[in-house]
Amino acid sequence: MDIKQLQTFIMLSQTLNYQKAAEKMQYAPSTLFKHIRLLEQEVGAPLLCKTGRQLQFTAQGQAFLPYACQIVENYHQALERVGSVGDTENALTIGGCEINMSCSLLGMFEQFSQANPQTRMSMMTVHNAGVPALVRNETMDIGFYYSIGESAERGLCTVPLYREPVYLMAAGEHPLAGRAGLRYEDLAGVPFIYPHDTCCFVSELLRRLSGRGVSLGRITYLGGVQLVVEHVHREGAVTLAPCSALVRYTNGYGLVKLDMNEEPLLTWETVVYKSYETLKPAARALAGYSRQYAKKLVREDGAGLLLLPQ
């Protein structure tokens, strides 16, 4: 049973569309048709069918899906295990925005480093939107970045790890800090500070405010989290922080989460690399570890974080 056929089958379970699956997997649609045809021949049953123009699973396909997922997961774990006992001294360059590298995923990097002490990890901090390009030109082996909604990057493999809410934060003495059930209209004229204007959090917040006809006060981008926090305290401004960074922002930076009575702003934490098959052992091990870490994080959190299908 060919692993690429199983990966195609699993991807189609997520997209229910050959064209979308082909774009994600960097194959021609005809190749995916061939994968499914060969897999069905080996299984001895139809796995997918079309009702009108809609691709659907057959009963046999639904029954086969969890086994296919388990086989692929075992395959990845086997490769990671082989890599972990092989040459783990490979230099590994990873990167992401400052919030990811120093807050949201810091625990994961620390745990991975402890479990793989021979791996030399170089960590790059860049603005969120620039991560895929640095992976594409091989400046980074693996990148971690946030996106609003499903992310697809040309020529790259993007794996969503979990989905989480993003909160508006302010200093404890801010006039809005003690109020319950805030609306976006309450932010009119309030200064806003954030590290970079290219972050998807900022774009989504400004889009929602614009839809309500709400204008913030002065908007400032300062390039670093520490500068942002200092100015939030000093200028009575608000900022944004994802759920996984909440402890750092509250305990470390002294900010509080505003009690918003609005639909949550949700973001996807995503890992990106060129190709799982071509990753060197240490990078492959981290890619697999990130999936396991995400599952553990969601189980332990149980509230703000939601696991995405992989």
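Our subject is the structure that appears above.
From a predicted model like this one, the values you see are computed outputs, not experimental measurements.

(A) Geometry of the overall build of the protein chain. Across its full length, the protein chain holds 11 helices and 12 strands. Taken over C-alpha atoms, the radius of gyration comes to 22 Å for the protein chain, in line with the 19 Å a tight globule of 310 residues would show. For the protein chain, the spread of C-alpha atoms along the three principal axes comes to 65 × 55 × 35 Å. Across the 310 residues in the protein chain, those meeting the buried criterion constitute 48%. Excluding contacts between residues fewer than 6 apart, the proportion of contacts in the protein chain whose partners are at least 24 apart in sequence is 75%. Working note: accessible area of the protein chain is about 14600 Å², and carbon and sulfur atoms make up 51% of it. Across the protein chain, the 28 positively charged side chains and the 29 negatively charged ones have centroids separated by 5 Å.

(B) Structural view of the pattern of salt bridges. Counting across every chain of the model gives 10 salt bridges. Here R183 makes a salt bridge to E262, at a shortest N to O gap of 3.3 Å. Of this pair, R183 sits in the loop between strand 6 (157-171) and strand 7 (192-194) while E262 sits in the loop between strand 10 (255-257) and strand 11 (265-273), and the two are 79 residues apart along the sequence. On the basis of relative accessibility, which here comes to 15%, the residue E262 falls in the buried class. Between E204 and R208 there is a salt bridge, and its shortest N-O distance comes to 2.9 Å.

(C) Unusual backbone geometry, seen in detail. The backbone of L16 sits at a positive phi, close to 50°, despite the residue not being glycine. Note on placement: L16 falls in the loop between helix 1 (3-15) and helix 2 (18-25). By relative accessible area, L16 is classed as partly exposed at 31%. With phi around 65°, E138 is a residue other than glycine that occupies positive phi space. Note on placement: E138 falls in the loop between helix 7 (131-136) and strand 5 (142-147).

(D) Examining the packing of helix 1 against helix 2 more closely. For the pair helix 1 and helix 2, the least separation of the axes is 9 Å and the interaxial angle reads 125°. Taken as axis vectors, helix 1 and helix 2 run oblique relative to one another. Here helix 1 and helix 2 pass one another in a crossing that is right-handed. Where helix 1 approaches helix 2, its residues Q7, T8, M11, L12 and T15 are matched on the opposing element by Y18, K20, A21, K24 and M25. Its residues assigned to classes, the contact of helix 1 with helix 2 comprises five nonpolar, three polar and two charged.

(E) Seen up close, the side chain of T267. Structurally, T267 is set in strand 11. There is a polar contact of 3.1 Å between the side chain of T267 and the backbone oxygen of S147. In this structure, T267 is in contact with Y146, S147, I148, Y162, R163, E164, V166, C200 and F201, ignoring residues within four places of it in sequence.

(F) Expanded view of the nonpolar core. Residues I99, F192, Y194, F201, L205, L240 and Y249 are the most contacted members of the largest nonpolar core, which totals 38 residues. Sorting the residues of this core by element identifies helix 5 (98-104), strand 6, strand 7, helix 8 (200-212), helix 9 (225-235) and strand 9 (238-242) as the ones contributing at least two each. Top contributing element to this core by residue count: helix 8, with five residues. Ignoring sequence-local partners within four residues, the contact set of L205 consists of L168, Y184, F192, L240 and L265. Core analysis: the next-biggest nonpolar cluster, separate from the first, contains 25 residues, L92, Y273, A283 and V298 among them.

(G) Structural detail: helix 1. If you check helix 1, its first and last C-alpha atoms are 18 Å apart, about what 13 residues at 1.5 Å a residue would give, namely 18 Å. Across the 13 residues of helix 1, 10 count as buried, placing the element largely inside the fold. Those residues of helix 1 that sit buried are I3, Q5, L6, Q7, T8, F9, I10, M11, L12 and T15. A distance of 2.7 Å separates the backbone nitrogen of K4 from a side-chain oxygen at the start of helix 1, and that oxygen is part of D2. One or two residues past the end of helix 1 sits L16, with phi positive at roughly 50°.

(H) Structural context of the environment of C200. One can find C200 in helix 8. A C-alpha to C-alpha distance of 29 Å links C200 and T278, two positions 78 residues apart in sequence. In this structure C200 touches N128, Y146, S147, I148 and T267, once residues within four positions along its chain are discounted.

(I) Here's a closer look at the pairing of strand 5. Burial of strand 5 is extensive: six of the six residues sit out of reach of the surface. Judged by which residues are buried, strand 5 turns out to be covered on both faces: I142, F144 and Y146 on one side and G143, Y145 and S147 on the other are all buried. Looking at chain direction, strand 3 (residues 91-96) and strand 5 are connected through three bridges and run parallel. Residue pairing across strands places I94 opposite I142, the latter belonging to strand 5.

(J) Structural context of the packing of aromatic side chains. Counted under the stated rule, the structure contains 10 aromatic pairs. For the pair Y146 and F201, a centre-to-centre distance of 4.9 Å together with 55° between the ring planes defines the contact as tilted. Here Y146, found in strand 5, pairs with F201, found in helix 8; they are 55 residues apart in sequence, far enough to count as distant. Considered together, Y146 and F201 belong to a single accessibility category, that of buried residues.

Here is what the cut-offs are and how they apply
Residues numbered from 1 in each chain as written. Predicted model: local features only at pLDDT ≥ 70, side-chain atom pairs only at ≥ 80, totals over all residues. Heavy atoms only, no water. Helix = DSSP H or I, 4+ residues; strand = E, 2+ residues; numbered from the N terminus. Rg over C-alpha atoms; globule rule 2.2 N^0.38 Å. Buried < 20%, exposed > 50% of the residue type's maximum accessible area, 1.4 Å probe, protein only. Contact = heavy atoms within 4.5 Å. Areas by Shrake-Rupley, 256 points an atom, 1.4 Å probe, with all protein chains shown as cover. Lys, Arg positive; Asp, Glu negative; His and termini not counted. Charge placed at Lys NZ, Arg CZ, Asp CG, Glu CD. Salt bridge = Lys/Arg side-chain N within 4 Å of Asp/Glu carboxyl O. Axes fitted to C-alpha atoms, helices over the stretch in contact; angles between N-to-C directions. Parallel < 35°, antiparallel > 145°, perpendicular 65-115°, else oblique. Left-handed = near helix turned anticlockwise from the far one by under 90°. Nonpolar A, V, L, I, M, F, W, Y, C, P; charged D, E, K, R; others polar. Polar contact = N/O pair within 3.5 Å; in protein donor to acceptor, adjacent residues only side chain to side chain. Core = buried A, V, L, I, M, F, W, Y, C linked by side-chain atoms within 4.5 Å. Expected span 1.5 Å × (residues − 1). Pairing = 2+ DSSP bridges. Phe/Tyr/Trp six-rings, centres within 6.5 Å; stacked < 30°, edge-to-face > 60°.

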